[in-house]
Amino acid sequence: GQQVMQIPQYQHVQEGEDFTTYCNSSTTLSNIQWYKQRPGGHPVFLIQLVKSGEVKKQKRLTFQFGEAKKNSSLHITATQTTDVGTYFCAGPEGGGADGLTFGKGTHLIIQP
Amino acid sequence: DAGVIQSPRHEVTEMGQEVTLRCKPISGHNSLFWYRQTMMRGLELLIYFNNNVPIDDSGMPEDRFSAKMPNASFSTLKIQPSEPRDSAVYFCASTPGLAYYNEQFFGPGTRLTVL
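Computed from a prediction, not measured in an experiment: that's the story for all the values here. (Residues numbered from 1 in each chain as written. Chains lettered and ligands numbered in written order. Predicted model: local features only at pLDDT ≥ 70, side-chain atom pairs only at ≥ 80, totals over all residues. Heavy atoms only, no water.)

Student: Hey, could you go over the pairing of strand β3 (residues 19-25) of chain A for me, with residue numbers and the actual values?
Tutor: Residue and element names in this part refer to chain A. The alternating pattern of β3 places Phe19, Thr21, Cys23 and Ser25 on a buried face and Thr20, Tyr22 and Asn24 on a face that is not buried. By the bridge criterion, four bridges tie strand β1 (residues 4-7) to β3 in an arrangement that is antiparallel. Residue pairing across strands places Met5 opposite Asn24, the latter belonging to β3. The sheet contact formed by β3 and strand β8 (residues 71-76) spans six bridges and is antiparallel. Among the inter-strand pairings, Thr20 is bridged to a residue of β8, identified as His75. (Buried < 20%, exposed > 50% of the residue type's maximum accessible area, 1.4 Å probe, protein only. Helix = DSSP H or I, 4+ residues; strand = E, 2+ residues; numbered from the N terminus. Pairing = 2+ DSSP bridges.)

Student: Outline the sheet that holds strand β3 (residues 19-24) of chain B, supporting the account with residue identities and numerical values.
Tutor: Residues and elements named next belong to chain B. Reading across from one edge, β1-β3-β8-β7 is the order of the four strands in this open sheet, with antiparallel pairing throughout. Two strands close off the open sheet at either side, each with one partner strand: β1 (5-7) and β7 (65-71). Sheet twist, expressed as the average angle between the axes of neighbouring strands with direction ignored, equals 15 degrees. (Axes fitted to C-alpha atoms, helices over the stretch in contact; angles between N-to-C directions.)

Student: Now, about the interface of chain A and chain B: what can you tell me, with residues and values included?
Tutor: Each partner contributes to the interface: chain A provides 21 residues, whereas chain B provides 21 residues. For the pair chain A and chain B, the summed buried surface comes to about 1800 Å²; carbon and sulfur atoms form 57% of the total. In this structure, the connection of chain A to chain B is made through zero salt bridges. If you tally residues by element for the side of chain A that touches chain B, the top one is strand β10 (residues 97-102) of chain A, at five residues. (Contact = heavy atoms within 4.5 Å. Buried area = accessible area lost by both parts, 1.4 Å probe. Salt bridge = Lys/Arg side-chain N within 4 Å of Asp/Glu carboxyl O.)

The following block contains the structure:
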């Protein structure tokens, strides 16, 4: 099935610094979704990207979908303590299956 | 809307015991998913139902795991017999349409500990 690789696994930043996580697939994705999971919580949907080269913004968060639709990134400007958590990308399973394959996630740790 | 409801929230059991996890999806959602999350393996899709029918169970680890969805508002995931390596957080999620094209709404999860 589909493999979605995510880097880095962990990222420590000082509050106010920027943060970026990257998601890569070996095959072309029809779409990609991003989720955030707070410590002790459950994944919560952030956004879906569908079009090649698409860029979407949510306040301090910027999401990009690569031109080849094989990679994506999430960038957070001027991190705040509320941004702490794990950020997952997820793509279609592929191979005729209908589910989602999640990356391992990037754990964002913010030092005040 | 109450969101996806899971019970119990925490379960501690001994190896060899049967464990049943329960899920109530959001009303009107026709796709339901069971995931398992561990530090080592991340978030893994176990099984996916559409209109109460199991569509993809390729992620179910072995015969000790079984899942049912007797109606649109209820699903169970059963582990029998349980083993310590089954310790994980189990999430149920639902979506109103195609699995990979719609936002998935996750429940709060059941934290399972098998001693």
